[in-house]
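# Structural description and commentary
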Amino acid sequence: SGIINRLFMVVKYRYADYILETILIALALIIVYRIYKKDLFQFYKQKFFKTLLIIGIMLRIILAIHDFYDRPVQDSDYEKHEKLGARIAFEGEFYDFTGVELRNFRQPGLPVLFALGLWIYNNPVTYAFVMILFSFGVIIAGYYLFKDIKNIAALFSFAYLAISPNMLFMASTSNTQLSFFFFLILLFIILKNYKGKTYQLLIIGALLAAEMYIRFNFLMIFILIPFIIEKHQVQKTGNTIAKLAFIYLTFLVLYSPWIYRNYQIYGTLRLMPTTGLGFYSSNVTKDYTKVGGYNGVPDSVLNKYSKLPEIEFDNALKTDALNFIKDHPDIYVKGVPFRLIKFSDRQNWTIDYFFTRTKYTNSLLAEDFFQAVENFFMWIVLFFPLFFLLKNRKLSPLSVYILWIYLSYSIVLLSISETRSRYNFPYVLFPIFAAALSKKEEEKDTINLRTKPAI
């Protein structure tokens, strides 16, 4: 879909940046093909990882200095995250506003972290500082995830985390993707070294709660079940169930403040945020080319339901959206290719945001340069796991877990939600992460298995 979209832009409009990207696509394909043709998958030089780490940290320091005195103006969701943080810090309230009060529309994780920062230092620079910490956290955590893996997929993965423009500019906005990604990498580190220890079960439950507080992805929790079962496959079933129960109990205990808060407001137990606004916006449109995008909700609809309680308002929007799809199946079907185009678009959301909201001479030229670098990185990231998965079927439990996260999330996203490229991050990196973490550990005994002495 991405390639078709790029070729269409070249043939139809002959844009110079798309022509350049087409060349980069061909170059990335040649590089990945030659790696597999020459069987160069096994590769390891520790100094490359250390060099990338140092370069990545230095580049982040430069951008951090920039953001402290000239951070891009925050708007849309980014501004809302900051406002929500201020409301938590100074009003003791957490609610969004879109024509009606919405107290369960966004997860509170990032705003709570902003609130903690504001309690320490009440200044707008706090938002930049929090995001910069997450940026450093991602590269350091990524280093510990990949530094000892002896294959070229690990090197490509860490190179993207360390120096890709998308990753470098991400801290310049108050987005949830970066903070969510940080906790996911920590989770992968724990699962990579998983031995069934009690402290590991506790950390897994805590990290699942942390990522759920930031971005609601409950599928990750359920997909963890086969991972744990496979890691304990020769143990007694009761022991495996007990370990899963411990993880989920830890998760529920740590997530319970949000459940309790929702119960106080709605009188019902509720884990999931309201989704009607997004569902309505991305599906209810007569223009099938805009399906999967953000189309808003008309004021007439907001006024129509403004007197309803939030949950009833949410249900009404979802009902209207479902009825629209039933009444206009042709628009839904015609919109599928445009969902795919948005989903497979460039990872340019951070780069474009940075250069359109800061004042530089010749900024368009700088933006095109950084976007070209990002395009090359992204096509390596896309092509490499495709070749890998065509040739390899035996994967580690962690690789399978990561691939199922990507597959399940992508199916849900493409079916009913907004599919703009920023919603595909960080999941777009998961296939190459799976390739990097594909090797199964050699285990003489199963995890925590007590074997009887030979007679």
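Residues numbered from 1 in each chain as written. Predicted model: local features only at pLDDT ≥ 70, side-chain atom pairs only at ≥ 80, totals over all residues. Heavy atoms only, no water.

## Quick look at the pattern of salt bridges
Pairing between side chains of opposite charge can happen when their charged atoms approach one another. We apply this condition: One speaks of a salt bridge when a side-chain nitrogen belonging to Lys or Arg is within 4 Å of a carboxyl oxygen belonging to Asp or Glu. Only runs of H or I of at least four residues qualify as helices and only runs of E of at least two qualify as strands under DSSP, and these elements are numbered from the N terminus. Residue exposure (1.4 Å probe, protein chains only): buried if accessible area is under 20% of the type maximum, exposed if over 50%, otherwise partly exposed.
Scanning the entire structure with this criterion turns up 15 salt bridges. A salt bridge links glutamate 21 to arginine 6, with the nearest nitrogen and oxygen atoms 2.8 Å apart. Of this pair, glutamate 21 sits in helix H2 (residues 16–37) while arginine 6 sits in helix H1 (residues 2–13); the two residues are 15 residues apart in sequence, bridging distant segments of the chain. Judged by relative accessible area, glutamate 21 falls into the buried class, the value being 1%. Residue classification places arginine 6 among the buried residues on the basis of a relative accessible area of 3%. Salt-bridge contacts for arginine 270 lead to aspartate 314; the nearest nitrogen and oxygen are separated by 4.0 Å. Highlighted residues: arginine 270 in the loop between helix H12 (237–266) and helix H13 (276–283) and aspartate 314 in helix H15 (residues 310–327), separated in sequence by 44 residues. For arginine 270, a relative accessible area of 18% corresponds to the buried category.

## Observations regarding the nonpolar core
Let me state the cut-off plainly: In this text, buried Ala, Val, Leu, Ile, Met, Phe, Trp, Tyr and Cys residues form a nonpolar core when linked through side-chain atoms within 4.5 Å. The contact rule is simple, with two residues in contact once any of their heavy atoms fall within 4.5 Å.
By size, the foremost hydrophobic cluster in this structure holds 114 residues, and its most contacted members are Phe146, Leu224, Phe384 and Tyr401. Among the elements that take part in this core, helix H6 (residues 125–146) stands out by supplying 13 residues, more than any other. For phenylalanine 384, the residues in contact, after removing those within four places along its chain, are Val32, Ile35, Tyr36, Phe41, Ile152, Ala153, Phe156, Ile432 and Ala435.

## Points about the confidence of the model for the protein chain
Using the following cut-off: A residue's pLDDT is the predictor's confidence in that residue, given on a scale from 0 to 100.
In this model, the protein chain carries a mean pLDDT of 93, and residues with pLDDT of at least 70 account for 96%. A low-confidence stretch, residues 442–455 stays under pLDDT 50, and its non-local contacts, those more than four residues away or across chains, total 17 contacts.

## Some details on unusual backbone geometry
Cis rather than trans, the peptide bond between phenylalanine 425 and proline 426 has omega equal to 10°. Structurally, proline 426 can be placed in the loop between helix H19 (397–416) and helix H20 (430–436). Positive phi, normally seen in glycine, also occurs at arginine 14, with a value near 55°. On the secondary structure map, arginine 14 appears in the loop between H1 and H2.

## What about the packing of helix H9 (residues 176–192) against helix H10 (residues 198–214)?
Between two packed helices, the angle of one axis relative to the other and the distance separating the axes together describe the packing. Convention followed: What counts as an axis is a line fitted to C-alpha atoms, over the stretch in contact for a helix, and the angles between N-to-C directions run from 0 to 180 degrees. Any angle between 65 and 115 degrees counts as roughly perpendicular, while under 35 counts as roughly parallel, over 145 as roughly antiparallel, and the rest as oblique. In this scheme the handedness of a crossing depends on how the near helix is turned from the far one: anticlockwise by less than a right angle means left-handed, clockwise means right-handed. The classification used treats Ala, Val, Leu, Ile, Met, Phe, Trp, Tyr, Cys and Pro as nonpolar, Asp, Glu, Lys and Arg as charged, and all other residues, Gly among them, as polar.
The contact between H9 and H10 brings their axes to 9 Å, and the two run at 165°. By the angle class used here, H9 and H10 are roughly antiparallel. Where H9 crosses over H10, the two elements pack in a sense that is left-handed. The residues of H10 that touch H9, namely those facing Thr176, Ser179, Phe180, Phe183, Leu186, Leu187, Ile190 and Leu191, are Gln200, Ile203, Ile204, Leu207, Leu208, Ala210, Glu211 and Ile214. Class assignment of the residues belonging to the contact of H9 with H10 gives a composition of 12 nonpolar, 3 polar and 1 charged.

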